[in-house]
Amino acid sequence: MANIEIRNVSKGYGGRAVLSNLSLELNDGECFTLLGPSGCGKTVLTRLIAGFEAPDAGTILIGGNIVADAATGDSLPTDKRGLGMVFQDYAVWPHMTVFDNIAYPLKIAGIDAEALKRRTLESIEMVGLKNLEERLPSQLSGGQQQRVALARALVHEPGILLLDEPLNNLDANLREEMRFEIKALQQKLGVTILYVTHDQEIALGIADRIAIMDADGRIRQIGTPEEVYEKSVDDYVFRFLGIANLLPVRRRNDDLFLGDTGEAWTGETPATTGDRFTAGFRPSDVILAREGEGLPGIIRRASFLGAQIDYLIDIAGTLIRATLPSHEGVARDLMFVENDPCRIHLASVQWFPGDIVVTNRV
Ligand SMILES: Nc1ncnc2c1ncn2[C@@H]1O[C@H](COP(=O)(O)OP(=O)(O)OP(=O)(O)O)[C@@H](O)[C@H]1O
Ligand SMILES: [Mg+2]
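Residues numbered from 1 in each chain as written. Chains lettered and ligands numbered in written order. Predicted model: local features only at pLDDT ≥ 70, side-chain atom pairs only at ≥ 80, totals over all residues.

A.B. asks: Which residues make up the overall build of the protein chain, and what are the values?
C.D. replies: Counting its regular elements, the protein chain contains nine helices and 21 strands. Taken across its 362 residues, the protein chain has 35% of its residues classed as buried. Counting only contacts in the protein chain whose residues sit at least 6 apart along the sequence, the fraction spanning at least 24 positions is 66%. (Helix = DSSP H or I, 4+ residues; strand = E, 2+ residues; numbered from the N terminus. Buried ≥ 20, exposed ≤ 12 C-beta atoms within 10 Å, placed from the backbone. Contact = placed C-beta atoms within 7 Å.)

Rendered as structure tokens:
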């Protein structure tokens, strides 16, 4: 069993708390992503799990065994925790060949030469670096170097992989490719993965479950990618997971209005009571029309992006983004230009109570 339990862990520096009373559980064999803004404490948490640092309070367990306990001061050394790690800068050793880089953890562990060779070659094959064994890192692409780091983390068959922004230095295509490969490795090896990132697309794409942290190091929501994306617990999570449109909605008597404009709200209605709401929706949730029913808007900017069209629309003084497939824009006469009037419907709305300060006012 390679599950991880973080129990009431706190950590700070110089009197400034980074993590406060944080609890979290990773199941055996799952890919768990930790998503949060820069500086929120993701790397600090990873370092605590790895054993590079000790928590100020709380307990960390791996596979049911305590590996760090602030109360007793117990701490299991990093190399006894059964972990493989790839960090932000992935640090492959420039003077060592691919083979030697990957074999290094086995060499340190004193594995005999024959087993060392066999396991190193297996790892090399697993990450698709076969026939590149004798190259130096400087003779590899960024993605290949990344694979060296990954193979090195996997070579001693850890139960847990800690990956802290491991794809940062790669271009978008390679990042996507590596993301699929990491996922495939997880499924093949059954390894438990903690994947740390501030990139919401990677986080959603790779995770079995995902935790969203805020700038204060608090976890706002944990769930499957679909859950957190479709049912965000608050507008922070909603905004963090993609382009977020927010419109103020008021209830007077039983009628809903758009903000203070007096314009009738035509979309779906909130299930809860109260008289002030914010409607959250994504650009792809906007259904456009030239006229008819729906909220009236004015196109402020039209951008043709090839596969899709992106509009910036003024809805009673609040700017929202809308996207639609280009072929649909052409087929349904929805190729707007600046200052065209339009109507919008919303395919899906997430409701948040109260007024949320909407920054994109006209
Ligand atoms: N050794 C340290 N001494 C003092 N402060 C530290 C130390 N390590 C981290 N911090 C502080 O703790 C906070 C969290 O840092 P951390 O590296 O965990 O952020 P992060 O979420 O990983 O951000 P990023 O996405 O940029 O990597 C930051 O304010 C950082 O300055
Ligand atoms: Mg970090």
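Alright, that's what it looks like, and here's the rest.
A.B. asks: Talk me through the nonpolar core; I want residue IDs and the actual numbers.
C.D. replies: Here is a general trend for soluble globular proteins: nonpolar side chains tend to be buried in one another's company. Among the nonpolar cores identified, the biggest contains 88 residues, and Ala151, Leu194 and Ile344 are the most heavily contacted of them. Among the elements that make up this core, the one with the highest residue count is helix α4 (residues 142-154) (six residues). A domain split of this core shows at least three residues from each of domain 1 (4-238) and domain 2 (245-353). When neighbours within four sequence positions are excluded, Ile344 is seen to be in contact with Val286, Ile287, Leu288, Gly294, Leu295, Gly297, Ile313, Ile315 and Ala322. (Core = buried A, V, L, I, M, F, W, Y, C linked by C-beta atoms within 7 Å. Domains from an automatic or database assignment.)

A.B. asks: Can you lay out the pairing of strand β12 (residues 245-252) for me, pointing to particular residues and giving the numbers?
C.D. replies: Two elements, β12 and strand β15 (residues 276-281), share six bridges in a ladder whose sense is antiparallel. Each residue of the ladder has a partner; that of Pro248, found in β15, is Thr278. If you look at the hairpin formed by β12 and strand β13 (residues 255-258), you'll find two residues sitting between the two strands, and Asn253 has a positive phi there, around 55°. (Pairing = 2+ DSSP bridges.)

A.B. asks: If you had to explain the domain arrangement of the protein chain to someone new, which residues and values would you point to?
C.D. replies: Domains assigned within the protein chain are domain 1 (4-238) and domain 2 (245-353). Across the contact, four residues belong to domain 1 and five residues belong to domain 2. Split by residue class, the side of domain 1 that touches domain 2 holds one nonpolar, one polar and two charged. (Nonpolar A, V, L, I, M, F, W, Y, C, P; charged D, E, K, R; others polar.)

A.B. asks: Lay out helix α3 (residues 113-126) with the relevant residues and their values.
C.D. replies: Its 14 residues place the ends of α3 20 Å apart at the C-alpha level, agreeing with the 20 Å of an ideal helix rising 1.5 Å per residue. If you check which residues of α3 are buried, you get Thr120, Ser123 and Ile124. Down the axis, α3 shows its buried residues gathered within 100° of arc, on one side only. Exposed positions of α3 whose direction lies more than 90 degrees from the buried face are Glu114, Ala115, Arg118 and Glu125. Against the buried residues of α3 lie α2 (98-108) and α4. Just downstream of α3, Gly128 is the residue with a positive phi angle, here 75°. (Expected span 1.5 Å × (residues − 1). Arc of directions from axis to C-beta.)

A.B. asks: Would you mind going over the pairing of strand β3 (residues 31-35) in detail, with residue names and values included?
C.D. replies: Most of β3 sits out of view: five of its five residues are buried. In β3, alternate side chains face the same way, and those of Cys31, Thr33 and Leu35 on one face and Phe32 and Leu34 on the other are all buried. Strand direction decides the pairing type here: β3 and strand β9 (residues 192-197), joined by five bridges, are parallel. In the strand pairing of β9, Leu35 is matched with Thr197. For β3 and strand β10 (residues 209-213), the ladder comprises four bridges, and the chain directions are parallel. Paired with Phe32 across the two strands is Arg209, which belongs to β10.

A.B. asks: Tell me about the environment of Pro166, and name the residues and values.
C.D. replies: Residue placement: Pro166 occurs in the loop between β8 (160-164) and α5 (172-189). Residue classification places Pro166 among the buried positions, given that 27 C-beta atoms sit within 10 Å.

A.B. asks: Please give an account of the site of ligand 1 that cites residues and values.
C.D. replies: Neighbouring ligand 1 are Tyr13, Val18, Gly36, Ser38, Gly39, Cys40, Gly41, Lys42, Thr43, Val44 and His198. Ranked by the residues each element gives to the shell around ligand 1, the list is headed by helix α1 (residues 42-50), at three residues. For the shell around ligand 1, the class distribution of residues is four nonpolar, six polar and one charged. (Near = placed C-beta within 6 Å.)

A.B. asks: Can you explain the packing of α2 against α3? Please cite residues and give values.
C.D. replies: Put simply, α2 and α3 touch, their axes get as near as 9 Å, and they point 125° apart. As the angle between them shows, α2 and α3 are arranged oblique. Between α2 and α3 the crossing geometry is right-handed. Facing Val98, Phe99, Ile102, Ala103, Leu106 and Lys107 of α2, the residues of α3 in contact are Leu116, Arg119, Thr120, Ser123 and Ile124. For the contact of α2 with α3, the per-class residue count stands at seven nonpolar, two polar and two charged. (Axes fitted to C-alpha atoms, helices over the stretch in contact; angles between N-to-C directions. Parallel < 35°, antiparallel > 145°, perpendicular 65-115°, else oblique. Left-handed = near helix turned anticlockwise from the far one by under 90°.)

A.B. asks: Which residues make up the sheet that holds β3, and what values do they have?
C.D. replies: In any sheet, the strands associate via hydrogen bonds between backbone groups, in a parallel or an antiparallel arrangement. Pairing is mixed across the open sheet formed by six strands, whose spatial order is β7-β8-β9-β3-β10-β11. Looking at which strands have only one partner, the edges of the open sheet turn out to be β7 (83-86) and β11 (219-223). Strand after strand, the sheet turns through a mean of 15° between neighbouring axes, direction not considered. Here four bridges tie β7 to β8, and the two strands are oriented parallel to one another. Note on β8: the bridge partner recorded for Met85 is Leu162.

A.B. asks: Tell me about α4, residues and numbers included.
C.D. replies: The terminal C-alpha atoms of α4, which comprises 13 residues, lie 19 Å apart, in line with the 18 Å expected from a rise of 1.5 Å per residue. Burial analysis of α4 places ten of its 13 residues in the buried class, which makes it a mostly covered element.

A.B. asks: Before we move on, can you summarise unusual backbone geometry with the specific residues and values?
C.D. replies: Although it is not a glycine, Asn21 sits at a positive phi angle of roughly 55°. Even without a glycine there, the phi angle at Asn339 is positive, about 75°. Structurally, Asn339 can be placed in the loop between α9 (326-331) and β20 (341-346). Exposure remark for Asn339: the 10 C-beta atoms within 10 Å place this residue in the exposed category.

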